[in-house]
Amino acid sequence: MKVPLLDLKSQYQDIKEEVLAEVSELCDSQMFILGAKVEKLEEEIAEYCQTPGSVGVSSGSDALIIALMAENVGVGDEVITTPFTFFATAGAICRVGATPVFVDIDPKTFNINPELIEEKITNKTKAIMPVHLFGQPCDMNPIMEIANKYNLVVIEDACQAIGTEYKGRRVGSIGDYGAFSFFPSKNLGCFGDGGIVSVRDEEKIQRMKIFRNHGMDPKYYHKYIGGNFRIDALQAAILSIKLRHLDDWSAQRSVNAEEYNQLFANSKIADKITLPYKADYTTRHIYNQYSILVKNGKRDELKDYLWANGVGCDVYYPVPLHMQECFADLGYKVGDLPVSEQVAKEIISIPIYPETTTEQREIVVKTIEDFLLK
Ligand SMILES: *Cc1c(COP(=O)(O)O)cnc(C)c1O
């Protein structure tokens, strides 16, 4: 592989000693569930995300589920979201018994189109779940205006967007809740599964902590029906170390994206692809992915060509959620959400992780150029 889509080993080499010292300390303590390491991470993430508090949980998916549960969203309720996201966004809505209502995306940012939300609101609508896809924020002001007008909860799916800023504000601090994932491939990844919920309303922080631990407060007295949504102390300890490096890593992704923009602009294929769009309101983009659109139905062939020539790539996401087999009962048809359907046919993501080199980016652009000029 000349340029893998992601290589976590080089990042690990840079922080190995710090990490192993923490892991060793934790193993000596044998204190694996919640505790001081988790509390420390929760404070650090709250500060990083500009919220009064955060609650460490077992994954990004569980972060979404616990926020819905804490707001009593369930059977008979509708939650408005985007069809162009990872499955977990809508999966979480269904897991609590509610129904996802899909709203088409903006063709430039690939995020939910706020102009199309209001027409989908019914008397069953309880929440809006916008997703900050690939590290770019949704247009949050109009979304918050609609939520306030109809008294809806806003749960930001910020699983791909830790540190992303909308008009100078960190995502996860704008809606009522922000869900973050520490899956290893995210900008801030742990050594397994993990996640966190940022909470805007200070009074809800304690409630979320109780929910995370079977709704138990005090021990063996159950206030709510919660669940086991706890994050491991081991993961929290590792994340506290990695968090110190996150701004450098995100800045490097941004530099890499700029370099790709230049290389593509100077290539012979500038008219055959669409580069990632950065909205005016995006004051900080963290480029969890760098995704381009390929015209003329050539995307799948390009993907095979890149892999055959040593360049890692992937399609996020080939099937919009309203067209997934598991959601057939929702009754959507081809053509219902045309922008999502078109983008799903044209999009492809290429290597952007911090440790990639200029030489590797030149190889990626040249390989795409070779294919599209064939
Ligand atoms: C990764 C991701 C999730 C789920 O996070 P996990 O930690 O893997 O459960 C949810 N939504 C989006 C948009 C994601 O990218």
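Since the structure is predicted, the reported quantities are computational estimates derived from the model, not experimental observations.

**Digging into the domain arrangement of the protein chain**
The assigned domain composition of the protein chain is domain 1 (8–103 + 110–241) and domain 2 (246–372). Using only C-alpha atoms to locate each centre, domain 1 and domain 2 end up separated by 25 Å. Summing both partners gives a buried area of about 3,200 Å² for domain 1 against domain 2, and 63% of it is carried by carbon and sulfur. Broken down residue by residue, the surface that domain 1 buries against domain 2 is led by Phe84, Phe134 and Asn187, which jointly contribute 23%. One can count 0 salt bridges joining domain 1 with domain 2. The interface formed by domain 1 and domain 2 contains 19 residue pairs in polar contact (both at pLDDT 80 or more). Elements that contribute at least two residues to the side of domain 1 that touches domain 2 include exactly helix H1 (8–29), helix H4 (88–95), strand E3 (99–102) and strand E6 (165–166). The element that contributes the greatest number of residues to the side of domain 1 that touches domain 2 is E3, accounting for 4 residues. When its residues are assigned to classes, the side of domain 1 that touches domain 2 shows 21 nonpolar, 13 polar and 6 charged.

**Observations regarding the sheet that holds strand E4 (residues 125–129)**
Overall, mixed pairing links the 7 strands, which are arranged E1-E9-E8-E5-E4-E2-E3 in an open sheet. The open sheet terminates on both sides in strands that have one partner only, identified here as strand E1 (53–57) and E3. Neighbour to neighbour, the strand axes of the sheet diverge by 25 degrees on average, direction disregarded. In the sheet, E4 pairs with strand E5 (residues 153–157) via 2 bridges, with the strands oriented parallel. Note on E5: the bridge partner recorded for Ile128 is Val154. Strands strand E2 (78–81), E3, E4 and E5 of the sheet are contacted by H4, whose axis makes an angle of about 140 degrees with E3. Sheet strands in contact with helix H5 (residues 140–150) are E4 and E5, and its direction is about 150 degrees off that of E5.

**Let's talk about the pattern of salt bridges**
With the rule as written, the count across this model stands at 18 salt bridges. For Glu44, the salt bridge goes to Lys40, with nearest N and O atoms at 3.1 Å. With Glu44 and Lys40 both in helix H2 (residues 36–48) and 4 residues apart, this pair spans about one turn of that helix. When its relative accessible area of 23% is taken as the criterion, Glu44 is described as partly exposed.

The rules behind these values
- Here the residue numbers are simple positions, counted from 1 along each chain's written sequence.
- With the structure being a predicted model, the display of local features is reserved for residues of pLDDT at least 70 and the display and counting of side-chain atom pairs for 80 or more, all residues being used for whole-chain, interface and lining totals.
- Note: side-chain values were computed over all heavy atoms of the structure, leaving out hydrogens and water.
- Domain delimitation follows an automatic or database domain assignment.
- Summed over both partners, the accessible surface that disappears when two parts come together, traced with a 1.4 Å probe, is what is meant by buried area.
- Take a side-chain nitrogen of Lys or Arg and a carboxyl oxygen of Asp or Glu: if they are within 4 Å of each other, that pair is a salt bridge.
- Polar contacts, as counted here, are pairs of nitrogen or oxygen atoms within 3.5 Å of one another; within protein the pair requires one atom able to donate a hydrogen and one able to accept it, and residues that are adjacent in sequence qualify only if both atoms are side-chain atoms.
- Working definition: helices are DSSP H or I runs of at least four residues, strands are E runs of at least two. Numbering for both runs from the N terminus.
- Charged means Asp, Glu, Lys or Arg here, nonpolar means Ala, Val, Leu, Ile, Met, Phe, Trp, Tyr, Cys or Pro, and polar covers whatever is left, Gly included.
- The criterion for strand pairing is that DSSP finds at least two bridges linking the strands in question.
- Orientation is described by lines fitted to C-alpha atoms, with helices fitted over the stretch in contact, and by angles between N-to-C directions that extend from 0 to 180 degrees.
- Every residue pair with non-hydrogen atoms within 4.5 Å of one another is taken to be in contact.
- To sort residues, take the accessible area from a 1.4 Å probe on protein chains only and compare it with the maximum for the residue type: under 20% means buried, over 50% means exposed, and anything in between is partly exposed.

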